[in-house]
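Architecture at a glance
In case you want the letters, here they are:
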Amino acid sequence: MVFRCQRDSWARQFTTRVVSCRAAELRPEGGGEPVSGFQVVLEDTILFPEGGGQPDDRGLIGDVPVLRVTRRGTEAVHFVPAALEPGAEVLLSLDWERRFDHMQQHSGQHLISAVAEQMFGFKTTSWELGRQRSVIELDTPVVTAEQLQALEDSVNEKIRDRVPVTVRELAADDPEVETVRSRGLPDDHAGPVRVVDIEGIDSNLCCGTHVSNLSDLQVIKLLGMEKGKKNKTNLVFLVGNRVLKSIEQSHSTEKALTSLLKNGPGEHVEAVKRLQSSVKLLQKNNLNLLRDIAVLIARDFKSKPAPKQLFVLHRKEGDSEFMNIIANEIGTEETLLFLTVGDEKEAGLFLLAGPVEAVENLGPRVAELLGGKGAGKRGRFQGKAAKMSRRGEVQALLQEFISNQNPGA
């Protein structure tokens, strides 16, 4: 069956009747618990069921939102959250912004695929109409920058030429079907075959909704190439309103950078490079200072007349190297060290170092108290801590361990 949405892609409202309504569940696209609702079949529909690489439409049946539209044989099945009476006359309303976006991307894909094959022999093996961008998989291991630019120039020239786009129907056994570009029909296909013609450029079997003239596409921007499956290349593209939205987003980002960097758009890249160099230098200097501080902390502890058997230190700034320098400088043959770095109210890092047997015994218990995970060998146990606020409990555990080791002290 060919639906009304396929015969008239521009229809935004349509009156029809409910054929059937039965309880069902819908699994959300992003995962999660199934949603209870109803599957409704209408005499005809202007809401496109997903197919041919094009997502399904959204809209209303009366005032009831349509959450999904799928094809089941010759029927379009509308999933809605409320029951509808079979035989009732209903008004369908289409989410036009979503539909027109899909029409622009889908017709744009037909144009890009046809021209890419004509110019360079690159055949389209699949495509995806994404929410933010769309992708065409080309049967070639590489597309050069020169080829990409030539392809973009050509498709936009054809848009400016206002080339008509028409849809016609053929019987499935019509010999002409064999001459039309196609990746095959679904196994459960029934009824006439739809052919989308871009005058003088392409004829393609397709069930999707399309514009009626290439000028409706406005503009095509080829964003670039990405490595695809074996010996294939993915071409990323935007069509029409998506190009305008991308420009608007880029302009907003440009204005924000101009305000932050205090220079013009043409100087943004160099300004960011200078900032990156400055940050790298500051990070290097900061690391050197932390190393010096670690050595000084360790030497101060060792300089005391009678160093304690337990050394505890917490510092907000630091890393694993900072803690290990302290452990190396102090030595762990006789002293048990409990070192932590990070924000006291958030996650951080810890290091337990000391006599091998003591660390093997205490390490997992320290990690458990801190709500973290760790691992160790040769007298050191370190890892991440989720509950830095429980450092006091760890210190008490370690102090009790030392006391039990030296009951007479």
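All of these numbers come straight from a predicted model, not from anything done at the bench.

Each value, and the rule that gives it
- Residues numbered from 1 in each chain as written.
- Predicted model: local features only at pLDDT ≥ 70, side-chain atom pairs only at ≥ 80, totals over all residues.
- Heavy atoms only, no water.
- Pairing = 2+ DSSP bridges.
- Helix = DSSP H or I, 4+ residues; strand = E, 2+ residues; numbered from the N terminus.
- Axes fitted to C-alpha atoms, helices over the stretch in contact; angles between N-to-C directions.
- Contact = heavy atoms within 4.5 Å.
- Core = buried A, V, L, I, M, F, W, Y, C linked by side-chain atoms within 4.5 Å.
- Buried < 20%, exposed > 50% of the residue type's maximum accessible area, 1.4 Å probe, protein only.
- Disulfide = S-S within 2.5 Å.
- Phe/Tyr/Trp six-rings, centres within 6.5 Å; stacked < 30°, edge-to-face > 60°.
- Salt bridge = Lys/Arg side-chain N within 4 Å of Asp/Glu carboxyl O.
- Expected span 1.5 Å × (residues − 1).
- Arc of directions from axis to C-beta.

1. Notes on the sheet that holds strand β14 (residues 233-239)
Strand order across the open sheet formed by four strands is β8-β9-β14-β13, with antiparallel pairing between neighbours. The strands lining the two open edges of the sheet, one partner per strand, are β8 (124-129) and β13 (220-227). For this sheet, the mean angle separating the axes of adjacent strands, direction not counted, is 20°.

2. Side note on the side chain of Ser-113
Its place among the elements puts Ser-113 in helix α2 (residues 96-120). Excluding anything up to four places from it in sequence, Ser-113 contacts Phe-122, Thr-124, Ile-136 and Arg-181.

3. Quick notes on the nonpolar core
Leu-111, Ile-112, Leu-214, Ile-220 and Leu-235 are the most contacted members of the largest nonpolar core, which totals 52 residues. Per element, the largest residue contribution to this core is eight residues, and it comes from α2. Excluding anything up to four places from it in sequence, Leu-214 contacts Leu-111, Lys-158, Ile-159, Val-163, Val-165, Ile-198 and Ile-201. Residues Phe-338, Leu-352, Ala-358 and Leu-369 belong to the second largest nonpolar core, which totals 20 residues.

4. A word on the state of the cysteines
Taken as a whole and judged by the stated rule, the model has zero disulfides. Not part of a disulfide, Cys-206 finds its nearest cysteine sulfur in Cys-207, a span of 5.4 Å. Judged by its relative accessible area of 31%, Cys-207 falls in the partly exposed class.

5. Looking at the packing of aromatic side chains
One pass over the full model with this rule turns up six aromatic pairs. Site record: aromatic cluster; members linked through ring pairs are Trp-10, Trp-96 and Phe-100.

6. A short note on the pattern of salt bridges
A full pass over the atoms with the stated rule returns 22 salt bridges. Two residues, Glu-29 and Arg-131, come together in a salt bridge whose shortest N-O distance is 2.8 Å. A residue pair is termed long-range when its members are at least 10 positions apart, and Glu-29 in the loop between β1 (13-26) and β2 (35-42) and Arg-131 in the loop between β8 and β9 (134-138) qualify at 102 residues. One salt-bridge network, held together by shared partners, links Glu-29, Asp-56, Arg-58, Arg-68, Arg-98 and Arg-131.

7. Quick look at helix α4 (residues 241-261)
When the terminal C-alpha atoms of α4 are compared, their 30 Å separation across 21 residues agrees well with the 30 Å that a helix rising 1.5 Å per residue should span. Every buried residue belonging to α4 is among Arg-242, Val-243 and Leu-261, and all of these are buried. Angularly, the buried residues of α4 cover 95° about the axis, an arc narrow enough to put them on a single face. Every exposed residue of α4 that faces more than 90 degrees away from the buried side is listed here: Glu-248 and Lys-255. Contacts made by the buried residues of α4 are with α2, β8, β9, β13, β14 and α5 (268-302). Backbone geometry just after α4 places Lys-262 at a positive phi near 60°.

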